[in-house]
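Take a look at the letters that make up each chain.
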Amino acid sequence: MPTKPTKFTDDEALRFHSSGRPGKLEIIPSKPMATQRDLSLAYSPGVAVPVKAIAEDPDTAYDYTSKGNLVAVISNGTAILGLGALGAQASKPVMEGKSVLFKRFADVDSIDLEVDTDDIDEFVNCVKLLGPSFGGINLEDIRAPECFIIEQRLRELMDIPVFHDDQHGTAIITAAGFINALDLTGRDLKTTRVVAVGAGAACIACIELIKAMGLPHENVTMVDRTGVIYAGRTKGMNQWKSAHAIKTDARELEQAIKGADAVIGLAAAGSITKDMVASMAEKPIIFAMANPDPEITPEDVRSVRPDAIIATGRSDYPNQVNNVLGFPYIFRGALDVRARTINEEMKIAAVHALAELAREDVPDEVAAAYGGEQPHYGPDYIIPAPFDPRLIRTIPVHVARAAMETGVARKPIDDLDAYEQELSARLDPTVDTLSAIFEDLKRRPLKRVVFAEAEEDRVLRAAIGFKNAGYGIPVLVGYEAPIREKLREMGVDDTDFEISNASNNPRRSHYVDMLYERLNRRGFLLRDVTRLVKRDRNVFSACMVASGDADAVVTGVTRHYWRALKNMKRVVDPLPGQRPFGLSIMVMRGRTVFLADTTVNELPSARELADIAQAAAAFVRRLGHDPRAAFLSFSNFGNPPSDRTRHIQEAVSILEERKVDFEFDGEMQADVALNRDLMEKYPFMRLSGPANLLIMPTLHSANISYKLLSELGGGRVIGPMLLGMSHAIQVARLTSTATDLVNMAALAAANADMLEQTRGKVTAQEELEL
C-alpha cells in the first residue's frame, strides 16, 4: 500500500529553519573546554605540538585533527534540486541538509561550502586549495555538463575522495535495485535490453555503472529530448552523450522501448506512456525516478502491466531510489580506511552490499518498526528501507574492503569483524526506529487523533504538521469560529479540518450516558457527569476515543500533567493486568536513555517497580535496544544500608523469580549505572554495559531527573509517553513545542495501532478457545 505523501506549508518550512538557532548546523567541541589548562591545550601553547607533528608527517593530520571524519558538501547552486540555477547562497539550506544527513545516518561530520562562481576553473581551484581541511568532498547540485568536468579534474588533482552524489549516489542505488529486479525476473545482465530515458548527469552515471558491472554497450539505447542517441547524431550532442551512442534504426522513444526488458528514467513527468509500457517485454523492469513526479506512475504501469517491477524516487511507493541509502555509508567506509579516492570497485561493492541486504531476512526490530509487517525480498522490496539499522554495519565494510583490495586505502583495517561491531555502535537505533514507525503510519489506514487544546497556536501548528506529514487525521477540539480563523491566518484551508466540541457533537448524549454508567457509583450525579463532558475538553476528548469515534488523543499544554491525566482516567481504564506509567526518552549525542516512571506512580511498591521495569523493557526492545535496566537509588548494593531501599532490592528479586529475558540489577547510584569505569568496581554486576533503562525509586526523583535533563542535558526529550492504558492517550509537557506535539501525536497513533492489533490477537485467541 503506498504511503501518504508528506506535505507542509511554506510557513512550516520557514519556521522550521528559523526557530531557535537559525539553520540546521552548529559546531560542538569534542574536548573539554572548562578550565584554563583545557584552553591552553586546545589552543596556544599546546596546539604547537600537533602542528609540528603534522608539518613533519602530513598524514598525522588524521590523528590530531577532525580531518579523518570531516566531509565538505560543496555546491555553486547551478542546479538546486528541481529549482534550477538560483545561486550559491540559495543552495545553502540544501547543503546544510545534506551535511545533517551525513551525521544522522553515518556519524560523519560535515560542513557546507557554497562557492559563488559559475567558472569551472575558479571552482576547481577553490576546492583544490581547501582540500587539506577535509577527508572527503561531496559535490552537490552542479549542472551538467560542468559537473562531469569538475569532478574529473578534482579527482585527478586531489588525494581524497571526490564524489558527485547526484551522479554516483543515484547510480549505486539504482544498480542495486536493478540487479535484484533482474534476479526476480530471471534475466541475465549480459542479455538484458535497456532503454535510458534522459541523458543528464544522473542517468549517464547509472548507465555507466551498470555497464561497468557487465551490461554490454550495445544493449543500451539512450534517449534525450531530441530523441534516440544514435551513432552519427550531431544535434544536441556532447562527448558524454556520444560515449553511449549506438547503431540503431530507432529514432524515437516509442520505437526504442518496444520489446525492451527495462527502462531507466531520469527525465520528466509524463515521459513514458501506458502504450510504451504495454509494448515492453514480459515482466518489464521500470525505474521511473523523476522527482517530484515520475515519468509514469506505478498505478498507470499496473493498469497495463501488472507483471512489472517498479521503482521510483518517491517515498510513498515501494522501492524508493533514495540516495541516503548510499552516500553516508560510502563515505563512512572510505574515511575509515583513509581512502585516496572512491573508485569503480568501491561503488560496485556498495551496489552488491545493498542488493544482498535486500535479499536477507529483515530483523525483528525493523519489522516491529513497520508495525510488525515483515518486508521480504520480492517485486515490492528490491531495495532496503532507509531506516534499516543494518545499513551502517554492512555497506561501509564492503566499501572499505574494496578500497583495501584496490590499493587506495592509506590505513587498512586488519579486523573487519571488529570494524563491523564498531560501526554498529556509532549510531543509536532509537532515531532510526522512531523514524520507521512514523513512516509506517503513512502506509496504514490513517488514525483519527484528537488534539484536545486546538485553540492554542502551537497545537494548531502541530495538527497541521501532523496532517501534512501523512501521519493521520487530526480532530480539533475547541470553539469552532476562532479555530477556523486561526487556520486561515496560518495559510491553510480550514475546511480540510474537522472541529468538534460538546456543543456541536451529536454524540454528546452518548458520551454522558457512557460516562455516567462508569461513575454513578463513584459519587457522581448525572449533572456532574454532564458538566464534565460539556466543560472539560480532556474528558470530552477521552470520551471520543473510548467510544470509537477517534483512535487517540493528545493534550497537556494548558493544564498540569496530573490534572489532565486524572480527568482522562475517569473515562479510560488501564490495560487488564497492567499498571500505567510514564516513560521519558532522552536522546543525547548518539546515546538514548529511558527513564520510568516519570509521571504516574508516586510511591511504587516492589511489585509495581518490577511491573514497570518489565513493561518498559518490552517497549525499549521494540525501539531496537537490548534493555539493560538499572534500579536507581542513593546507595549501591546495600551501601549505605537503609530501610528505604528495601523495596528496590525486593523488585530485583521479583524479576529474578520471573526469569525475565532482559538484563537488570540494583539498587545502584546513577553514575554507577551509566559509567563503565565505575561499573568495573562491582564485578558481580549483572549488566553487560551501561544501563539504558533507568527505573526510578519514586515519582519525585523521576520527575525531577527528567526535567533537569531536558533543561540542562543538551539533548532531546521525547515524551513522557503514557504506557499501559487501554486506549491511546498521551499527555504532553506544558512546555512542548509544535514539533514535540507532532511526535507525541504520531506516537499516540502508533500506540493506537498496536493496541488495535493486540485486541485483535486477544479476540482471535478467545475464539480459538471457544
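That block above? That's the structure.
Residues numbered from 1 in each chain as written. Predicted model: local features only at pLDDT ≥ 70, side-chain atom pairs only at ≥ 80, totals over all residues. Heavy atoms only, no water.

1. Describing the nonpolar core
Phase 1: Ranked by size, the top nonpolar core spans 103 residues in total, and within it I137, L139, I172, F178, F287, M346 and I395 carry the most contacts.
Phase 2: Once residues lying within four places of it in the same chain are set aside, the contact partners of M346 are A334, A339, T341, V399, A402, A403 and V408.
Phase 3: In this structure, F438, A462, A651 and V652 belong to the second largest nonpolar core, which totals 70 residues. (Core = buried A, V, L, I, M, F, W, Y, C linked by side-chain atoms within 4.5 Å. Buried < 20%, exposed > 50% of the residue type's maximum accessible area, 1.4 Å probe, protein only. Contact = heavy atoms within 4.5 Å.)

2. Examining the sheet that holds strand β12 (residues 498-500)
Phase 1: Taken in spatial order, the five strands of this open sheet run β12-β11-β10-β13-β20, and their pairing is parallel. The open sheet has two edge strands with one neighbour each: β12 and β20 (728-731). Neighbouring strand axes in the sheet, compared pairwise and without regard to direction, differ in orientation by 25° on average.
Phase 2: Summarising the sheet, strand β10 (residues 447-451) and strand β11 (residues 472-477) pair through five bridges and their orientation is parallel. (Pairing = 2+ DSSP bridges. Helix = DSSP H or I, 4+ residues; strand = E, 2+ residues; numbered from the N terminus. Axes fitted to C-alpha atoms, helices over the stretch in contact; angles between N-to-C directions.)

3. Quick look at empty space enclosed by the protein
Phase 1: Summed over all chains, the structure comprises six cavities of 30 Å³ or more.
Phase 2: In this model, the second largest cavity occupies a volume close to 60 Å³.
Phase 3: Looking at the second largest cavity, the residues that line it are R716, V717, I718, G719, A732, R733, S736, D740, N743 and M744.
Phase 4: Among the elements of the structure, β19 (716-723) and α31 (738-769) are those that each provide at least two residues to the lining of the second largest cavity.
Phase 5: Ranked by residue count, the leading element in the lining of the second largest cavity is β19, at four residues.
Phase 6: Classifying every residue of the lining of the second largest cavity by side-chain character gives four nonpolar, three polar and three charged. (1 Å grid on protein atoms, 1.4 Å probe; cavity = no way out; pocket = protein on both sides within 12 Å on 5 of 7 lines; lining within 4 Å. Points joined across faces, edges and corners; volume = space filled by probe spheres on them. Nonpolar A, V, L, I, M, F, W, Y, C, P; charged D, E, K, R; others polar.)

4. Regarding helix α6 (residues 120-130)
Phase 1: Taken together, the buried positions of α6 are occupied by I120, F123, V124 and V127. Projection of α6 onto a plane perpendicular to its axis shows the buried side chains occupying an angular sector of 95°, all on one side.
Phase 2: Where the residues of α6 are buried, they touch β1 (70-75), β3 (136-139) and α7 (146-157).
Phase 3: Where α6 begins, the side chain of D119 points an oxygen toward the backbone nitrogen of D121, at a separation of 3.0 Å. (Arc of directions from axis to C-beta. Polar contact = N/O pair within 3.5 Å; in protein donor to acceptor, adjacent residues only side chain to side chain.)

5. Here's the deal with the sheet that holds strand β15 (residues 591-596)
Phase 1: One open sheet holds the six strands; their spatial order is β17-β16-β18-β15-β14-β19, and the pairing between them is mixed. Two strands lie at the open edges of the sheet, namely β17 (663-668) and β19, each paired on one side alone. Here the average twist between neighbouring strands, direction ignored, is 20°.
Phase 2: The pairing of strand β14 (residues 581-588) with β19 spans six bridges and is antiparallel. Of the residues in β19, the one forming a bridge with F581 is L723.
Phase 3: This element, helix α30 (residues 699-712), spans β14, β15 and β19 of the sheet and lies at about 30° to β14.

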